[in-house]
Amino acid sequence: MATTPTEETATGDDLRASYGAIVSYHNNLVHMRFTVAGLFIAANGFLASGFFQTTSSTLPWFDPPVLGIVLAILCWLIELRTYQLLENLEYRGLSLEAKLRIETQYGFFSLMRSQKIGPRLLVFRKRFPTNKFIRYVVSHSFGLGLLYGIVTIFWMSALLAH
């Protein structure tokens, strides 16, 4: 005859399953944000090649810049939402790490929150300090926001310069 798990064991199993799902969802979101950025770059390359062609087109000249601006705004909004989801997952993950009594040095979300080794330029051995400003500037979120912002400025300049 099979025994049923105690409430404490079931709760622990449920917490571990939830923690695993949250880590998996976090990783999928990180993967998605870079997929979106890669597709964004490819789409803008396509738009720029059409915009700078010297042959005549049946489309108005302002279509590629307008599409580029709209695409940048949409991808930036997706990035904002993704960042919000990542923050919520971090909060929930840290809470589960505490309930599961996972030591700070071993928790996934504890590691994401507190990076012991600071960023460095890839060709140099010297590392940047790990203060809040450096962590902000040398982050994926800052880089992606910069990418979307610069491309938006590029397309706005193209509209104004024509």
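Notes on the structure in this doc start here. (Residues numbered from 1 in each chain as written. Predicted model: local features only at pLDDT ≥ 70, side-chain atom pairs only at ≥ 80, totals over all residues. Heavy atoms only, no water.)

To continue, consider the overall build of the protein. Along the backbone of the protein there are 5 helices and 0 strands. For the protein, the N- to C-terminal ordering of α and β elements is α-α-α-α-α. On C-alpha atoms alone, the protein measures out to a radius of gyration of 22 Å, which is more than a quarter above the 15 Å that the 2.2 N^0.38 rule sets for 162 residues. For the C-alpha atoms alone, the extent of the protein along its principal axes is close to 80 × 50 × 20 Å. For the protein, with 162 residues in total, the buried portion stands at 25%. In the protein, of all internal contacts separated by at least 6 residues, the share reaching a separation of at least 24 is 72%. Looking at the protein as shown, the accessible area adds up to about 11,900 Å², and 65% of this sits on carbon and sulfur atoms. (Helix = DSSP H or I, 4+ residues; strand = E, 2+ residues; numbered from the N terminus. Rg over C-alpha atoms; globule rule 2.2 N^0.38 Å. Buried < 20%, exposed > 50% of the residue type's maximum accessible area, 1.4 Å probe, protein only. Contact = heavy atoms within 4.5 Å. Areas by Shrake-Rupley, 256 points an atom, 1.4 Å probe, with all protein chains shown as cover.)

Moving on, we come to the nonpolar core. If you look at the biggest cluster of nonpolar residues, it comprises 14 residues, and the most contacted ones within it are Phe40, Cys75, Tyr148 and Trp155. The set of elements that each furnish at least two residues to this core consists of α1 (7-51), α2 (63-99) and α5 (140-161). The element that contributes the greatest number of residues to this core is α1, accounting for 6 residues. Discounting residues that sit within four places of it in the chain, phenylalanine 40 has contacts with Leu71, Ala72, Cys75, Leu147, Tyr148 and Val151. Formed by 11 residues, the second largest nonpolar core is a distinct cluster that contains Ile22, Leu85, Leu86 and Phe109. (Core = buried A, V, L, I, M, F, W, Y, C linked by side-chain atoms within 4.5 Å.)

Moving on to unusual backbone geometry. The backbone phi angle of arginine 101 is positive, close to 60°, even though this residue is not glycine. Position of arginine 101 among the secondary structure elements: in the loop between α2 and α3 (108-113).

Turning our eyes to something else, we now look at the side chain of glutamate 79. Turning to its location among the elements, glutamate 79 is positioned in helix α2. Residue glutamate 79 is classed as buried on the basis of its relative accessible area, which comes to 7%. Once residues lying within four places of it in the same chain are set aside, the contact partners of glutamate 79 are Arg33, Ser141, Leu144 and Tyr148.

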